[in-house]
Amino acid sequence: MKSISCKVLVVGAGPGGYVAAIRAGQLGLDTVIVEADRVGGTCLIRGCIPSKALIHAATRYEELCAHANKEKLGISLGSKPELKFTKTIAWKDSVVDKLNGGVEALLEKAGVHIIEGWANFSDAKTCTVETADGALSIKAEHVILANGSSATELPNIPYGKNVISSTEALQLDEVPESLAIIGAGYIGLELGIAYRKLAAKVTFVEGIDRILPLYDKEITRPIEMWLKKHDTQVIFQARAQSVTEVNGKPVLIYTDKNGEEQQLPADKVLVTVGRRPNTLGWGLEKMCIDMNGPFIKVDDQNRTAMKNVWAIGDLVGEPMLAHKASAQGEMVAEIIAGHRRAFDPVAIPAVCFTEPEIVGVGLTPGEAQAQGYETLVGKFPFAAIGKALTMEAGSDGGFVRVTARKDNQVILGIHAVGAHAAELSGEFALALEMGARLDDLAHTIHVHPTLSEATMEASMSALGKAIHIGI
Amino acid sequence: MIEKMMGNYIITMPDIGEGIAEVEIVEWNIEVGATIEEDDLLCTVMTDKAAVEIPSPVDGKVTWIGAAVGDFLAVGSDFIRLQVAGEGNADGDSKIESSEAEITTPIKTKVDKVAISADDRAEESEPATAKQAKSISNSANTTSKARPPASMFGAPRPEGEKAIASPAVRQRARNAGVNLNYVRGSGPSNRITHEDLDDFIKGNTAAIPGGPLINTSVKEIKVMGLRRRIAAIMQDTMQRIPHFTYVEEVDVTELESLRAKLNLRRRDDQPKLTMLPFFIKGLVKSLKAYPQMGSHFDDENEVVYQYGGAHIGIATQTPNGLVVPVVKHAEALDIWQCAEEVKRLSEAARNGKSAREELTGSSITISSLGPMGGIATTPVINSPEVAIIGVNKIAKRPVWIDAAFVPRDIMNLSSSFDHRIIDGWEATQFIHHLKDFLESPASLFIEE
C-alpha cells in the first residue's frame, strides 16, 4: 500500500473542510483533503446551492404564470409559460458544476492535495483511502474532521423510489403532481414551497403543533399565511407511520392528533425530519474522541479530546449551517498555523428561504426575556417601505424586528420575515458582532429606497420614534 | 387584494362556573394587533383558588384589550375586541366606549416606589420616574467621587457578562493575551474600542477591579395572582387569630422501619410511601379523640363547626406559591389510598392543574418541609381552621434508653392552635395522642 504523510489532513470537502484546507494551504501548511464525492459538500452539491437555484426557478415560473393570459403591472403573456423541468434541473446542475469547479481550482491554487475516496481511520492520525489507483495510507500531524451530516431516515419509512430525501428532491425528472412532506422545518418548507410554486399539490405532515419551531410565532405567521393562501395544508400533531403503495403510487399513512389513522396519497413522499452528524462508518470509534450526544465534543477552538484532532461544522452540533462550518474551518487552520483564535461569535445568523424569507440573528424577545433581560422591541413592517411596495413585497405580512436590552440599548437580536429579507442578514450580524446599540442602527443613514430602511425604522421604533408609521 | 367584509367581535369574560363573579387577569397571551385563531389561548385568569385558561371563541385580529395583568374583571364584562371576517357581534365603536370606561377602572393599590438607578442614560424613558431617579443618583454620584476617576478603571462589569467589543478588537486582545473582561470600555454601553485596548496594554489604564460589585438595582415586582391572595390571607389570619405554638419531639424509629419495609414489599401499582400518609392516619385517629381540633371557627357569628370527617389539608409549595390541596375523608382511606391521593393532589398542585374543589374544605392542615424541615417552626393556621401540624426534619439523635445512649430517629412536631377555641392543655393532650400513635405505628392500623 502506498503511504503519504502530511501536516494537515482534512476529511470532507464541504464548506467546513474545503475552507479549512484552503486556509491551511494559504498559510503554507502541507495539506491533504479527502472527499468521496465531489468537492463542495452537502451545501454546494445537494443542499444550499441547488435548492436556492430550484427556488429561484420556481419563483420565476410562478411569476410568469401570474402574467399568463392576464395583465399584471401592465404585462401579459399570450399563453401559459412552458416548464421543461429536466432543463431546469440541468440549469441547476450547471450552477453546481461551476461552483464545484471553482472550489477545486481554489484548493489547487492553495496547494492542497485532493484525494478522492473514503477515509477510514485506524487510529486518530492514520487513515486509509480506497482511491481509484488503489489503497492509500495517510498519516497526518493534524486531522480536521469535517464529515458533515446526512438527512435523517425514518426507520419505518425507508428511502426508496417514492420516498425521497432532500437530495433526491433536487434531482427529480418531473414535478410531482402531488407531494407529501414529512416535517415542516426549514428544509421541508423551502422545498415544499418551491414545488408548490411549480404547481405541485403539497401537503405537510408535522409532528408538533407549529412550523419552524426555532422561530417564534410572530415570525412564522407570514409563512403560514402564504401556505394557507396557496392551498397548502399543514397537518399538525400528526405522526407518520408508514408508506404503502397503491397502484404504483405511494400512500402516506399517519395518525392525526386524535390518534386516528389517516391516509395521504401522493406521487412522492419527501422526508425532511432533520439531519444527523456523520459519525459512523469511518473509524471514529478508533480515535479516542469524546462525544457530546450524537455530536463530537469540542472546545471553543474546536479541539477534540485527542491532541491535534479537530472537528468542525455539522459534526460538532447545532446549528448545522454552512457558514458556521466555514468560520470554524478557517479558524482551525489558523490555530494550527500558530495563530491565536477562538470561536466566540455573538451570534450565528440563520436564514430560511421560504416564502416569504426568514432571517434570524441573536435572541428573539422571548429568548431574551427567558435569559432575564428586560427588553425594548421595535418592529417595522415592509408594507410601509417604499422599495418593498415597488417590488410587490409589501403585502406578505413581512417586518423587521429589533430586540435590545432595556438598560443599555445594546442589540440582542434582529429578526426579519419578508420577500428578499435574507439579504438583510449581513447588517443584522454586523450589528450584533459590533455590539451596536439601537442608536447605532437608528442613526446610520440607510439608502432610500431599500428594504434595509426597515431595520433603521425598527430600531427607531424600539426607541419610540419611528417616522414612517402611523399609530 | 379584495378587502373582505370585516366586522367587530367583542369577547366577554366567560362564566367559569363555581359561582365566580370576578376574576383576576394574571397573564396575557395575546397583544393588540395579533392575529389569533379559534381556541388560541387569550389569557390566564385567577379565581380565588385556581388558574383558568381562557381560549378564543373565534378567529380574528385583536384590536383592543380592556384590562392589564393584575386587573380584576367581572364575569360577562367586555375585555377583548377582535376584527373578524364577516359581520362579528358588535356594530361600530359605540358599545366599546361605554364598556371601556367601566373596565379601565381596576382596583389598584399604588405602592410607593423607590427607583434607584445609577445609570444616567435612563433619559427618554418614563420621565416621571427618571426625575425621581436623578435626584437619587445625584446623591450617589457625590459619594462615588471618593473613588479614582472613571478613566482609570471604567465601570465594573457585572459577573458573567461578556465585554462588548467588535470582532477586530476581540482578535487583537486574543493576540495580546488580554482578557477583555478586565478592560475598560469608553464607548457607549462600555463598548471597548481599539484605543481602550491600546491604553490597557500600555498600562495607561488599570484593569477593572474584579471581585464583588455594589448592586444598586431595585426590581419592582407586582404582587398579584396567587401571591396577592396568600398575602391577604396571611395578613388577615395573623391579625385575627391569636396563635400559640407547641413543639414536641417524636421518636419515629419504628415508623421509619415500618415504612421502609412496606416500601420494599409494595406492588408496582402501589405508590411509594412517604411519611405523610402515616401522619394522615395518625391525625385521623387523634381527631376521633379530639374532634375539636378538626373544626372551623366562624368568628363573625361565633360558631364552631366540628367536622366528623377528617379533611386533611397538605400545604404544598408550587412554582407560584403555597397552595393547600385537601385529602378529603381521610378516615375512609387506607394507607395506600392516602399515599395515592397525596401524590395525585400534590402533582396537580405543582402543575397548576388543581380543581377548585381540591383546594377547599380542609378541616386541619399538615405543613411538612420534608428533610429541610428545621428543628422547630411556627406554622400559621389555615383559617378558619383551628389547628395546624408542622412537621420538622427527622434526625438521628442519641437517646438514653435503659443504661446507654442509643441512636434514634427523632422528629419534632411544631403545631399551632387558635387560642380562642383551643387551650394549651387540650393541645398538649392532642399532640401526645398523635405522638403515641406515631411512636407505636402498629396502633395506627388497629381498630379501637
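Every value quoted in this text rests on a predicted model; they were computed, and no experiment measured them.

Reading guide: rules and limits
Residues numbered from 1 in each chain as written. Chains lettered and ligands numbered in written order. Predicted model: local features only at pLDDT ≥ 70, side-chain atom pairs only at ≥ 80, totals over all residues. Contact = placed C-beta atoms within 7 Å. Helix = DSSP H or I, 4+ residues; strand = E, 2+ residues; numbered from the N terminus. Nonpolar A, V, L, I, M, F, W, Y, C, P; charged D, E, K, R; others polar. Buried ≥ 20, exposed ≤ 12 C-beta atoms within 10 Å, placed from the backbone. Pairing = 2+ DSSP bridges. Right-handed = clockwise from strand over helix to strand, strands pointing away. Axes fitted to C-alpha atoms, helices over the stretch in contact; angles between N-to-C directions. Parallel < 35°, antiparallel > 145°, perpendicular 65-115°, else oblique. Left-handed = near helix turned anticlockwise from the far one by under 90°. Core = buried A, V, L, I, M, F, W, Y, C linked by C-beta atoms within 7 Å.

Facing the 14 residues of chain B at the interface are 14 residues of chain A. At four residues, helix α4 (residues 167–176) of chain B tops the list of elements feeding residues into the side of chain B that touches chain A. In terms of residue class, the side of chain B that touches chain A is made up of five nonpolar, four polar and five charged.

Residues and elements named next belong to chain A. If you trace the backbone, His67 turns up in helix α3 (residues 48–67). In this structure the C-alpha to C-alpha distance between His67 and Leu77, which are ten residues apart in sequence, comes to 5.5 Å. If sequence neighbours within four positions are ignored, His67 has contacts with Lys72, Ile75, Ser76 and Leu77.

All names here are of chain A. Taking burial as the measure, the five residues of strand β9 (residues 178–182) include four buried ones, the bulk of the element. Direction of pairing for β9 relative to strand β10 (residues 201–205): parallel, over a ladder of five bridges. Residue pairing across strands places Ile181 opposite Phe204, the latter belonging to β10. Regarding topology, helix α6 (residues 186–197) serves as the crossover connection from β9 to the parallel β10, and that connection is right-handed. Relative to strand β15 (residues 268–271), β9 is paired through four bridges, and the arrangement is parallel. Paired with Ala180 across the strands is Val269, a residue of β15.

The next point concerns the packing of α3 of chain A against α6 of chain A. Geometrically, a packed helix pair is captured by the angle between its two axes and the distance between the axes. All names here are of chain A. Contact geometry of α3 with α6 gives a least axis separation of 8 Å together with a crossing angle of 30°. In terms of orientation, α3 and α6 fall into the roughly parallel class. As for the relative orientation of α3 and α6, their crossing is left-handed in sense. Across the interface between the two elements, Ser51, Leu54, Ile55, Ala58, Thr59, Tyr61 and Glu62 of α3 pack against Glu190, Leu191, Ala194 and Lys197 of α6. Looking at side-chain class alone, the contact of α3 with α6 contains six nonpolar, two polar and three charged residues.

For the rest of this paragraph, the subject is the nonpolar core. Note that soluble globular proteins tend to have their nonpolar side chains buried in a common cluster. Residues and elements named next belong to chain A. Judged by nonpolar contacts, the single largest core of 154 residues is most densely connected at Ala20, Ile144, Leu145, Ile312 and Ile411. Looking at this core, the element that brings in the most residues is α3, giving eight residues. Setting aside residues up to four positions removed in sequence, Ile312 forms contacts with Gly16, Ala20, Ile144, Ala146, Asn302, Ala325, Gln328, Gly329 and Val332.

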